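Now for the letters of each chain:
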Amino acid sequence: MSIPLYDIVIIGAGVSGSAIARKLSEYRLDVAVLEKHVDVSFGVSKANSGIIHAGFHHKPGALKTTLETRGNRMFDELHRELNFPFKRIGIIVCAFSYEEMKVINVLHEQGIKNGVEGIVICNRDKIHELEPGLNRDVIGGLYAPSGGIIEPYQFVFSLMESARKNGVDLHTDFNVERAEYSAGVYTLYSTYNEKVRSRYVINAAGLHADDVSRILHADDFKIIPRKGEEYILERNAKGFPRQVIFPVPRSNSKGILIIPTVYGTMMIGPTAEDINDKEDYSTTYKNLEEVFSEARRMVDAISKKEIITSFAGLRPTLKGNDFYIDLSKKAPNVIQVAGIQSPGLTASPAIALYVTGLLEDRGLRLVKKRRFDPVIGKPHRIRDSGAEEITKLIEKDPSYGHVVCRCECVSEAEVVEAIRKGHTTLDGIKFYTRAGMGRCQGGFCTYKIMKILMRETGTGADELTKRGGMSFLIQGHISTDGWYPEKNASQQPEKAENHEPADR
Ligand SMILES: Cc1cc2nc3c(=O)[nH]c(=O)nc-3n(C[C@H](O)[C@H](O)[C@H](O)COP(=O)(O)OP(=O)(O)OC[C@H]3O[C@@H](n4cnc5c(N)ncnc54)[C@H](O)[C@@H]3O)c2cc1C
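Presented here is an overview of the structure given in this document.

Reading guide: rules and limits
Residues numbered from 1 in each chain as written. Predicted model: local features only at pLDDT ≥ 70, side-chain atom pairs only at ≥ 80, totals over all residues. Heavy atoms only, no water. Helix = DSSP H or I, 4+ residues; strand = E, 2+ residues; numbered from the N terminus. Rg over C-alpha atoms; globule rule 2.2 N^0.38 Å. Buried < 20%, exposed > 50% of the residue type's maximum accessible area, 1.4 Å probe, protein only. Contact = heavy atoms within 4.5 Å. Lys, Arg positive; Asp, Glu negative; His and termini not counted. Charge placed at Lys NZ, Arg CZ, Asp CG, Glu CD. Pairing = 2+ DSSP bridges. Core = buried A, V, L, I, M, F, W, Y, C linked by side-chain atoms within 4.5 Å. Near = heavy atom within 4 Å. Polar contact = N/O pair within 3.5 Å; in protein donor to acceptor, adjacent residues only side chain to side chain. Nonpolar A, V, L, I, M, F, W, Y, C, P; charged D, E, K, R; others polar. Phe/Tyr/Trp six-rings, centres within 6.5 Å; stacked < 30°, edge-to-face > 60°. Lys NZ or Arg CZ within 6 Å of the ring centre and 35° of its normal. 1 Å grid on protein atoms, 1.4 Å probe; cavity = no way out; pocket = protein on both sides within 12 Å on 5 of 7 lines; lining within 4 Å. Points joined across faces, edges and corners; volume = space filled by probe spheres on them. Axes fitted to C-alpha atoms, helices over the stretch in contact; angles between N-to-C directions. Parallel < 35°, antiparallel > 145°, perpendicular 65-115°, else oblique. Left-handed = near helix turned anticlockwise from the far one by under 90°.

Observations concerning the overall build of the chain
Then comes step 1: Secondary structure summary: the chain contains twelve helices and 22 strands in total.
Then comes step 2: Whereas a compact globule of 504 residues would reach a radius of gyration of roughly 23 Å, the chain reaches 23 Å, a difference of no more than 12%.
Then comes step 3: With respect to the three principal axes, the spread of C-alpha positions in the chain is 70 × 60 × 45 Å.
Then comes step 4: Looking at the chain as a whole, 57% of its 504 residues qualify as buried.
Then comes step 5: Partitioning the intrachain contacts of the chain with sequence separation of at least 6 by distance along the chain shows that 72% fall at a separation of at least 24.
Then comes step 6: With 67 positive and 65 negative side-chain charges, the chain shows a spacing of 3 Å between the two charge centroids.

Set out below in structure tokens:
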């Protein structure tokens with residue numbers, strides 16, 4: 001069988017790789033994305049704060065600053081085209097002392113230089129008028145109305161759906177393990193010896209960008225994971241803010257934030273700790289205490305009793321803390337998209353533009369497709385629909401009337417849609433539909449989703465996974481009703497070599 005030859009292969013289907021793929025799908029190019037996981041957005045892009053930053057946190061001149069402010073401005077149009085959840089609710093930074101007000105002045109000046117629209121310094125009265133839930137000892141602060149919130153995985157899914165609609169090939173479960181370069185063409189090999197060839201390679205491998213760079217015989221750099229623990233509180237939790245609330249920043253992070261999510265839950269975090277282990281997603285009681293005490297300095301009403309879950313994400317940082325996006329100095333026609341820590345989500349659309357510019361500078365001819373279609377349809381969501389609309393949906397497909405996840409109000413039809421779009425793990429369905437993200441954290445809906453997955457995909461119960469690889473949902477035997485087949489080591493899928501932690 002002949003090995004497919006592409007103009008450009010992107011390694012990594014996080015927000016960076018997906019945004020680049022979507023941008024390149026505007027041109028007459030053969031493009032593929034290779035992703036080691038069984039779904040997209042299963043790397044750093046699945047576990048973050050979901051904030052579209054305004055652009056005042058970083059010094060003018062840094063690459064991440066330029067791309068952050070440019071990226072922020074691109075979200076309204078992207079939202080119209082791709083229909084992901086996004087709200088421009090604004091950002092507030094709180095100051096508790098005159099020393100902290102000096103930092104507010106610096107942030108304000110930076111914001112003005114960076115071109116952040118509408119950014120203003122607030123006195124005590126103004127800041128409390130904007131955010132009535134703040135503690136009285138907040139003496140002033142900064143307000144940036146252009147900051148926003150987003151559902152990060154749905155953003156990535158929509159970017160990739162749009163890219164694929166416009167001709168990009170996605171190869172999931174393709175862990176790039178080896179590369180050869182000969183006569184201007186790279187051959188990339190997966191763990192299972194699948195092969196793909198390409199003239200250009202874009203390394204957007206997140207936490208593993210340094211490993212992939214080594215595989216490509218390209219530049220030598222080291223990614224340092226910076227762990228961030230976050231806590232999610234129920235809908236209608238006490239202290240729910242109108243804007244995203246920040247303290248003044250620390251040396252290595254923006255501090256502990258209070259974040260209203262697009263779906264009405266509240267998130268507190270993230271911590272920032274440099275670690276060595278790229279697989280350490282643990283959360284600790286010590287950090288929980290620290291996170292809540294910092295958050296309660298700003299809004300006293302916040303309570304640990306309302307936590308529904310916690311998670312940790314790892315920021316892929318480089319020494320110097322800036323993004324590294326450039327043509328490799330060592331390997332021909334390789335573009336490095338590395339060190340994409342925060343504000344990578346915000347910057348992603350601008351990262352895609354920047355990478356496209358680098359390809360053009362390198363001599364790649366970019367010719368626009370006559371039929372690029374920027375729009376993808378809005379998925380039907382019964383939780384966002386009125387009674388009349390739901391009645392119409394049920395008339396068309398009665399399974400819209402069968403609620404699978406009660407906490408998040410997700411119907412069977414929505415789960416089936418997720419599966420048909422290629423999200424065939426419990427996490428993929430969760431990220432696409434929100435089934436399992438609510439108060440009971442999948443306690444009531446997991447078995448229902450498993451049954452739908454088995455029916456739709458013909459997969460056995462003992463083959464279903466949380467996120468692919470060895471993360472099987474059922475371990476051992478179920479003997480009570482004899483309905484499930486016996487677990488047999490020889491029945492395990494051949495490709496199950498991606499050792500992953502069982503849960504986070
Ligand atoms: C706690 C936390 C909070 C954050 N909050 C925000 C925020 O509020 N706003 C913001 O703008 N940014 C935020 N960020 C930053 C943002 O999440 C990241 O910058 C962004 O998600 C990075 O995306 P990426 O596509 O570069 O990396 P990833 O999402 O990790 O994508 C890389 C992909 O490459 C794949 N891959 C790796 N190796 C291989 C291989 N050998 N073969 C094939 N595929 C491979 C991985 O599986 C992965 O899917 C936060 C980050 C963290 C950790």
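Side note on the pairing of strand 12 (residues 195–203)
Then comes step 1: Judged from the six bridges that link them, strand 1 (residues 5–11) and strand 12 form a sheet pairing that is parallel. Counted as the bridge partner of Tyr6 is Ser198 from strand 12.
Then comes step 2: Following strand 11 (residues 185–190), the chain reverses through four residues before pairing antiparallel with strand 12; Asn193 in that reversal takes a positive phi of roughly 70°.
Then comes step 3: Sheet analysis places strand 12 next to strand 20 (residues 334–338), joined by three bridges and oriented parallel. Each residue of the ladder has a partner; that of Ile202, found in strand 20, is Ile335.

Brief notes about the nonpolar core
Then comes step 1: Formed by 73 residues in total, the largest nonpolar core has its most connected members in Ile8, Ile10, Ile202, Ile325, Val337 and Ile351.
Then comes step 2: Among the elements that line this core, the one with the most residues is helix 8 (residues 344–361), at eight residues.
Then comes step 3: When neighbours within four sequence positions are excluded, Ile351 is seen to be in contact with Ser16, Ile20, Leu67, Phe323, Ile325, Val337, Ile340 and Gly344.
Then comes step 4: Ranked by size, the runner-up nonpolar core spans 27 residues in total, among them Ala54, Ile139, Val244 and Ile259.

Quick look at the site of the ligand
Then comes step 1: With respect to spatial proximity, 40 residues lie near the ligand, and among them Ser16, Glu35, Ser45, Ile340 and Thr346 are the closest.
Then comes step 2: One of the backbone N or O atoms of Ile340 is found 2.6 Å from an oxygen atom in the ligand.
Then comes step 3: Class assignment of the residues belonging to the shell around the ligand gives a composition of 17 nonpolar, 19 polar and four charged.

Quick look at helix 10 (residues 412–420)
Then comes step 1: Buried residues dominate helix 10, accounting for seven of its nine residues.
Then comes step 2: Turning to helix 10, its buried residues number three or more, namely Glu412, Ala413, Glu414, Val415, Val416, Ala418 and Ile419.
Then comes step 3: Among the residues trailing helix 10, Gly422 stands out with phi positive, at a value near 100°.

With respect to the packing of aromatic side chains
Then comes step 1: Within the structure shown, the criterion is met by eleven aromatic pairs.
Then comes step 2: Here Phe75 and Phe84 contribute two aromatic rings whose centre-to-centre distance is 6.1 Å and whose plane-to-plane angle is 85°, an arrangement assigned as edge-to-face. Judged on exposure class, the residue Phe75 and its partner Phe84 are both buried.
Then comes step 3: Relative to Phe86, the ring of Phe75 lies with its centre 5.7 Å away and its plane at 40°, an arrangement referred to as tilted. Highlighted residues: Phe75 in helix 2 (residues 63–82) and Phe86 in strand 4 (residues 86–87), separated in sequence by eleven residues. We note that Phe75, like Phe86, is buried.
Then comes step 4: Cation over ring: Arg297 sits above Phe96, and NZ or CZ is 4.1 Å from the ring centre.

Some words on the environment of Thr261
Then comes step 1: For Thr261, the location among the structural elements is in the loop between strand 15 (257–260) and strand 16 (266–269).
Then comes step 2: Exposure remark for Thr261: the relative accessible area of 18% places this residue in the buried category.
Then comes step 3: Among residues more than four places away in sequence, those in contact with Thr261 are Ile149 and Met267.
Then comes step 4: One polar contact links Thr261 to Thr265, side chain to side chain, over a distance of 2.7 Å.

Here we look at empty space enclosed by the protein
Then comes step 1: Here the structure, examined in full by the defined rule, presents five cavities of 30 Å³ or more.
Then comes step 2: Its volume calculated, the largest cavity comes out at about 100 Å³.
Then comes step 3: What lines the largest cavity is a set of 13 residues, and nearest its centre among them are Leu82, Gln154, Ser158, Pro379 and Tyr432.
Then comes step 4: By residue number, the principal contributor to the lining of the largest cavity is helix 5 (residues 152–165), which donates four residues.

With respect to the side chain of Ser348
Then comes step 1: Mapped onto the elements of the fold, Ser348 is located in helix 8.
Then comes step 2: Filtering out sequence-adjacent residues up to four positions away, Ser348 remains in contact with Val15, Ala19 and Phe155.

So, the packing of helix 1 (residues 15–24) against helix 8
Then comes step 1: Contact geometry for helix 1 and helix 8: axes closest at 8 Å, N-to-C directions at 50°. Comparing the axis directions of helix 1 and helix 8 gives the class oblique. Of the two possible hands of crossing, helix 1 and helix 8 adopt the one that is right-handed. Contacts between helix 1 and helix 8 involve Val15, Ser16, Ala19, Ile20, Lys23 and Leu24 from the former and Gly344, Leu345, Ser348, Pro349, Ile351, Ala352, Leu353, Val355, Thr356 and Leu359 from the latter.
Then comes step 2: For the contact of helix 1 with helix 8, the class distribution of residues is eleven nonpolar, four polar and one charged.

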